[in-house]
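Next come the chains, spelled out residue by residue.
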Amino acid sequence: MTEDYFGRLCLKYRDRGALLDSNLLLLYFVGLYRPQLIGSYKRLRAYSKLDFETVNGAFRFFRKIVVTPNVLTEVSNLSFHLELHHRVPYFDAFRRAVATLTEEFIPSIAACEDVDLGRLGLTDTGVLRLSASGLLVLSDDLSLCSALTSRGIDSINLNHLRMARWRWI
């Protein structure tokens, strides 16, 4: 995949919006709160500050960032792995960041009807269902991206952006 491919895909969805998965949203929230925790915080050891800058660029580029309640709940639960002294100030930043998101609901019963539930889980099948409404999915989850691709739904995997050394237009 080339930079041209990413550019065309991003421009196609700029006004419609992007749907973020839990890992990238957690990276964004922690990066907003305290970027130096990226790479050292247990749940973000696989990420760098450059990855945060990439996700942060998506927030600036797309007219709206969409999440599901399940994604937010998962991020909230993962955030409790932060050391206790970080939690109150982190959740203050979390609250402010949530206010910038567009939250769209997919009923759990609908997500549970998806054939990929046993492989992906409730949160990701909700992302699958919602993305079919015309949103670009940004994720680092290869299984989710594969399921999206098999259904003809556009997605961008963070690993592809890393390889292309992508910077938002």
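Residues numbered from 1 in each chain as written. Predicted model: local features only at pLDDT ≥ 70, side-chain atom pairs only at ≥ 80, totals over all residues. Heavy atoms only, no water.

A.B. asks: Which residues make up the side chain of Asn-157, and what values do they have?
C.D. replies: When you line up the elements, Asn-157 lands in strand E5 (residues 155-157). For Asn-157, the side chain forms a polar contact with the main-chain nitrogen of Asn-159, separated by 2.7 Å. Contact partners of Asn-157, with chain neighbours within four places excluded, come to Ser-139, Asp-140, Asp-141, Leu-142 and Cys-145. (Helix = DSSP H or I, 4+ residues; strand = E, 2+ residues; numbered from the N terminus. Polar contact = N/O pair within 3.5 Å; in protein donor to acceptor, adjacent residues only side chain to side chain. Contact = heavy atoms within 4.5 Å.)

A.B. asks: Please set out helix H2 (residues 22-33) residue by residue, giving values where relevant.
C.D. replies: End to end, H2 covers 16 Å across 12 residues, agreeing with the expected 16 Å (1.5 Å per residue, within 8%). Regarding H2, the residues found buried are Ser-22, Leu-24, Leu-25, Leu-26, Leu-27, Tyr-28, Phe-29, Val-30, Gly-31 and Tyr-33. The backbone nitrogen of Asn-23 has a side-chain oxygen 3.4 Å away, supplied by the residue at the start of H2, namely Asp-21. (Expected span 1.5 Å × (residues − 1). Buried < 20%, exposed > 50% of the residue type's maximum accessible area, 1.4 Å probe, protein only.)

A.B. asks: For the pattern of salt bridges, give the residues involved together with the corresponding values.
C.D. replies: This model, assessed by the stated rule, comprises eight salt bridges. When the shortest N-O distance is used, the salt bridge between Arg-129 and Asp-114 registers 3.3 Å. Taken together, the positions of Arg-129 in helix H8 (residues 122-131) and Asp-114 in the loop between helix H6 (108-112) and helix H7 (117-120) put the pair 15 residues apart, joining distant regions of the chain. By relative accessible area, which is 6% here, Asp-114 ends up buried. Among the charged side chains, a salt-bridge network with shared partners connects Asp-114, Asp-116, Arg-119, Arg-129 and Arg-151. (Salt bridge = Lys/Arg side-chain N within 4 Å of Asp/Glu carboxyl O.)

A.B. asks: Would you mind going over the pairing of strand E4 (residues 136-139) in detail, with residue names and values included?
C.D. replies: Every second residue of E4 is oriented toward a common face, with Leu-136 and Leu-138 on one face and Val-137 and Ser-139 on the other, all of them buried. Across three bridges, the pairing between strand E1 (residues 18-20) and E4 is parallel. Bridge pairing in E4 places Leu-20 opposite Leu-138. Pairing between E4 and E5: three bridges, direction parallel. Bridging from a neighbouring strand, Val-137 pairs with Ser-155 of E5. Handedness of the β-α-β unit built from E4, helix H9 (residues 142-150) and E5 comes out right-handed. (Pairing = 2+ DSSP bridges. Right-handed = clockwise from strand over helix to strand, strands pointing away.)

A.B. asks: Kindly report on the environment of Ala-93, identifying the contributing residues and their values.
C.D. replies: By secondary structure assignment, the location of Ala-93 is in helix H5 (residues 84-98). We classify Ala-93 as buried; its relative accessible area is 11%. Here the alpha-carbon distance between Ala-93 and Leu-32, two residues 61 residues apart in the chain, equals 7.3 Å.

Limitation: the analysis is restricted to geometry and does not speak to function.
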